Amino acid sequence: MSRESDFTVHSKYDKYGAITIRNARQVDKGAIWEIHIRAIKELCKSHYSERELQIWTEVLKPVRYQEQISKGPFFVAVAGDSIIGFGNLNQKSGEIEALYVDPDHVGRGVGIKILQALENQALDLGLKLLRLTSSLNAVRFYERAGYKPQKQKRWLLPSEMVVCVPMIKELAEELSW
């Protein structure tokens, strides 16, 4: 997918109709940041302490996304006029660095649509293997998408270690989505 193009994923999606997956733009930084914070605080609280969540979200700032958006691939999911999720791929390392969905839209297929876009982009870039580090609450989501968990590890936040799960997936020439 070229950096300039957008595409629409035709799927049943509540009152909004189709979800559009498009390249993130610099103007999206604020919405991306808000989703990132809300997703961590609301979706990860079943697996992490309040202190861990606070430290995790304190390090996030809208300016953090500027370079990632410029480098790409960095996609946002849009329903209606609202950004409802995002994901980015480090094409050098073959790592999905982030994939988050607005808590109000979890369980409706948004995350898998973003993941599909990232995997298709990885194939276009010639990548054969994708890596990611999953929060504990998202491991089952990635397993259902074909990712294999590795040994749990501790991830360093500024003043706290949190447990996460490295995962890998070998990409087929054509994804079976």
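This text gives an overview of the structure that appears in the document. Predicted, not measured: the structure shown is a model, and the values here were computed from it.

Basis of the calculations
Residues numbered from 1 in each chain as written. Predicted model: local features only at pLDDT ≥ 70, side-chain atom pairs only at ≥ 80, totals over all residues. Heavy atoms only, no water. Helix = DSSP H or I, 4+ residues; strand = E, 2+ residues; numbered from the N terminus. Buried < 20%, exposed > 50% of the residue type's maximum accessible area, 1.4 Å probe, protein only. Expected span 1.5 Å × (residues − 1). Contact = heavy atoms within 4.5 Å. Phe/Tyr/Trp six-rings, centres within 6.5 Å; stacked < 30°, edge-to-face > 60°. Axes fitted to C-alpha atoms, helices over the stretch in contact; angles between N-to-C directions. Parallel < 35°, antiparallel > 145°, perpendicular 65-115°, else oblique. Left-handed = near helix turned anticlockwise from the far one by under 90°. Nonpolar A, V, L, I, M, F, W, Y, C, P; charged D, E, K, R; others polar.

**Examining the overall build of the chain**
- In terms of helices and strands, the chain carries five helices and nine strands.
- The N-to-C order of helical and strand elements in the chain reads β-β-α-α-α-β-β-β-α-β-α-β-β-β.
- Taken over 177 residues, the chain has a buried fraction of 46%.

**Details of helix H1 (residues 29-43)**
- With 15 residues, H1 ought to run about 21 Å at 1.5 Å a step, and its terminal C-alpha atoms sit 20 Å apart, in line with that.
- Looking only at H1, the buried set comprises Lys-29, Ile-32, Ile-35, His-36, Ile-37, Ala-39 and Ile-40.
- Check the buried side of H1 and you find it contacts helix H2 (50-58), helix H3 (64-71), strand S3 (74-79), strand S4 (82-90) and strand S5 (95-101).

**Thoughts on the packing of aromatic side chains**
- Overall, the coordinates contain six aromatic pairs when judged by the stated rule.
- When the ring of Tyr-65 is compared with that of Phe-86, the centres are 6.2 Å apart and the planes differ by 75 degrees; the resulting orientation is edge-to-face. Residue Tyr-65 is located in helix H3, and its partner Phe-86 is located in strand S4; the two are separated by 21 residues in the primary sequence. For the pair Tyr-65 and Phe-86, a shared accessibility class is recorded, and that class is buried.
- Plain terms: the ring middles of Phe-141 and Tyr-142 are 5.0 Å apart, the flat faces sit at 75 degrees to each other, and that makes the pair edge-to-face.
- Residue class for Phe-141 comes out partly exposed when judged on its relative accessible area of 22%.
- Using a relative accessible area of 7% as the deciding quantity, one classes Tyr-142 as buried.

**Examining the packing of H1 against H3**
- Across the interface, H1 lies against H3 with an axial gap of 10 Å and an inter-helix angle of 115 degrees. Classified by the angle their axes make, H1 and H3 are roughly perpendicular. The handedness of the crossing between H1 and H3 comes out as right-handed. Contact residues: H1 offers Lys-29, Ile-32, Trp-33 and His-36, while H3 offers Arg-64, Tyr-65, Gln-66 and Ile-69.
- A breakdown of the residues in the contact of H1 with H3 according to their chemical character gives four nonpolar, two polar and two charged.

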